[in-house]
Amino acid sequence: RDVDVSLRLGSRFARTALGESPSPRPSTDEGPASPKPPDASRAALRERGAELLAQSADVTHADDLHPAYARILENLSPDEARILRLLATRGPQPAIDVRHGLPLVSELVAPGLNMIGAEAGCRYPDRIPAYLDNLNRLGLIWFSREPLEDPLDYQVLEAQPDVIEAKRRSGRAKTVRRSISLTPFGEDFCRVCLPLT
């Protein structure tokens, strides 16, 4: 029986490698048949790519909105929309890393501390790291190593309780100034999808 199962599995893998759709597995004591995945064969993908290139060459084809915008809106929370509006209307925001400062090596104590949640009026400020990760995943923001030009922005941030607590925990602390801003894709998304006035 083990040999029979191995032969059937080997046959299925061979058909898949040749680009053929594997035949549905009969429901046996091996378990129920798995649902059929969407058509992602090489030929189907190539056909979709050819359609896109044909549309790009068609001067009568009007497509002024990125097709991902509707899907991105479905992947945003209300607080994340507030963060995007803040970045779109007030520009890049300061962030700092608190590090334990040793003479040659420094250890990261608290990364990416910022005031974006308070500035944007978010309902769930404890979720800000997850919000920012999601916005970065969607290609809307980036975490820059470059600091903002105005040092006053960082002075206000460094006076916040969570920054002071991180410095106290690290003992010999030093801060590294960074910034969080919209990507060009994020700027266009905000312009098209969010009321900014």
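Values in this document were obtained by computation on a predicted structure and should not be read as measured data.

**Student:** So what exactly am I meant to see when it comes to the overall build of the protein here?
**Tutor:** Within the protein, the secondary structure is distributed over nine helices and four strands. Starting at the N terminus and walking to the C terminus, you meet the elements of the protein as α-α-α-α-β-β-α-α-β-α-α-β-α. Classification of the 197 residues of the protein by burial places 27% in the buried group. Within the protein, contacts between residues separated by at least 24 positions form 72% of all contacts whose residues are at least 6 apart in sequence. Taken as a whole, the protein presents about 13,700 Å² of accessible surface, with 56% of it coming from carbon and sulfur.

**Student:** Would you mind going over the layout of surface pockets with me for this structure?
**Tutor:** Any empty space left between atoms is shown by rolling a water-sized probe over those atoms. Estimates place the volume of the second largest pocket at around 410 Å³. Together, 23 residues line the second largest pocket, and Pro111, Gly112, Leu113, Asn114 and Leu132 are the ones closest to its centre. Counting residues per element, the ones that place at least two in the lining of the second largest pocket are strand S1 (93-101), strand S2 (106-114), helix H5 (116-120), helix H6 (128-137), strand S3 (141-144) and strand S4 (173-182). Grouping the amino acids of the lining of the second largest pocket by side-chain chemistry returns twelve nonpolar, six polar and five charged.

**Student:** Please clarify how the packing of aromatic side chains should be interpreted in this entry.
**Tutor:** Each aromatic ring pair is characterised by the separation of its centres together with the angle its planes make. Throughout the structure, instances matching the rule amount to two aromatic pairs. Ring geometry for Tyr69 versus Phe185: centroids 5.6 Å apart, planes at 50 degrees, classification tilted. Here Tyr69 is found in helix H3 (residues 69-74), whereas its partner Phe185 is found in helix H9 (residues 184-193), with 116 residues between them in sequence. Judged by its relative accessible area of 5%, Tyr69 falls in the buried class. Pairing Tyr69 with Phe189 gives two aromatic rings, centres 5.3 Å apart and planes at 80 degrees, and the pair type is edge-to-face. Residue Tyr69 is found in helix H3, and its partner Phe189 is found in helix H9; the two are separated by 120 residues along the sequence. The structure contains a cluster of three or more aromatic residues connected by ring pairs, namely Tyr69, Phe185 and Phe189.

**Student:** Before we go on, may I ask you to explain the sheet that holds S4 in this structure?
**Tutor:** Two strands in a sheet stick together by hydrogen bonds in their backbones, pointing the same way (parallel) or opposite ways (antiparallel). Judged by pairing direction, the sheet is antiparallel, and its four strands sit side by side in the order S2-S1-S4-S3 without closing on themselves. Only two strands of the sheet have a single partner each, and these edge strands are S2 and S3. The average undirected angle you get between the axes of adjacent strands in this sheet is 25 degrees. Contacts from helix H8 (residues 161-170) reach S1, S2 and S4, with the element oriented near 175 degrees to S2.

**Student:** Teacher, can you tell me more about H8 here?
**Tutor:** Given 3.6 residues per helical turn, the α-helix brings residues three or four places apart onto the same face. For H8, the full list of buried residues reads Val163, Ala166 and Ser170. All buried residues of H8 lie within an arc of 60 degrees about the axis, which places them on one face of the element. Relative to its buried face, H8 has exposed residues pointing more than 90 degrees away, namely Pro161 and Arg168. Turning to H8, the residues buried within the fold contact S1, S2, helix H7 (151-158) and S4. One or two residues past the end of H8 sits Gly171, with phi positive at roughly 80 degrees.

**Student:** Could you clarify how one ought to interpret the confidence of the model for the protein in this entry?
**Tutor:** Detailed reading of the predicted coordinates is not advisable wherever pLDDT is low. Predicted confidence across the protein gives a mean pLDDT of 82, with 76% of residues reaching 70 or more. Here residues 1-19 scores under 50 on pLDDT; set against residues more than four positions off or in separate chains, the count is eleven contacts. Between residues 21-29, whose pLDDT stays under 50, and residues either more than four places distant or in other chains, the model counts twelve contacts.

**Student:** In this structure, what is going on with the pattern of salt bridges? I would like to understand it.
**Tutor:** Oppositely charged side chains are able to pair whenever their charged atoms sit close together. Counting across every chain of the model gives five salt bridges. Taking the shortest distance from any N to any O, the salt bridge between Glu165 and Arg168 comes out at 2.7 Å. Taken together, the residues Glu165 and Arg168, both in helix H8 and three residues apart, mark about one turn of the helix. In this structure, Arg191 and Asp188 form a salt bridge, with 3.2 Å as the shortest nitrogen-oxygen distance. Placement of both Arg191 and Asp188 in helix H9 is noted, with a separation of three residues, approximately one turn of the helix. Classification of Arg191 by relative accessible area gives exposed; the value is 55%.

Scoring rules and cut-offs
- Note on numbering: residues in each chain are counted from 1, in written sequence order.
- This being a predicted model, a pLDDT of at least 70 is required before a residue's local features are given, and a value of 80 or more before pairs of side-chain atoms are given or counted; all residues contribute to the totals for chains, interfaces and linings.
- As a convention, hydrogens and water are excluded, and side-chain values are obtained from all of the structure's heavy atoms.
- Only DSSP runs of H or I covering at least 4 residues are called helices, and only runs of E covering at least 2 are called strands; the numbering of each starts at the N terminus.
- For every residue, the accessible area (1.4 Å probe, protein chains only) is compared with the maximum for its type, and the residue is labelled buried under 20%, exposed over 50%, or partly exposed between those bounds.
- Working rule for contacts: check all heavy atoms of both residues, and any pair within 4.5 Å makes them a contact.
- Areas reported here follow the Shrake-Rupley algorithm with a probe of radius 1.4 Å; residue values treat only the protein chains shown as occluding.
- A cavity here means a set of 1 Å grid points, computed over protein atoms only, where a 1.4 Å probe fits but cannot escape. A pocket is an open set with protein on both sides within 12 Å along at least 5 of 7 lines, and lining residues have an atom within 4 Å of a point.
- Grid points are joined across faces, edges and corners, and a volume is the space filled by probe spheres set on the points.
- Polarity classes work like this: nonpolar for Ala, Val, Leu, Ile, Met, Phe, Trp, Tyr, Cys and Pro, charged for Asp, Glu, Lys and Arg, and polar for all others, with Gly in that last group.
- Stacked, tilted and edge-to-face are the three classes applied to pairs of Phe, Tyr and Trp rings, where Trp contributes its six-membered ring and a pair requires centres within 6.5 Å; stacked means planes under 30 degrees apart, edge-to-face means over 60, and tilted covers the rest.
- Two strands are counted as paired when DSSP detects at least two bridges linking them.
- Each axis is a line fitted through C-alpha atoms, taken for helices only over the stretch in contact, and angles between the N-to-C directions span 0 to 180 degrees.
- Note that the arc is defined by the directions from the helix axis to the C-beta atoms.
- Across the chain, each position has a pLDDT score giving the predictor's confidence in that residue, from 0 to 100.
- Any carboxyl oxygen of Asp or Glu within 4 Å of a side-chain nitrogen of Lys or Arg constitutes a salt bridge here.

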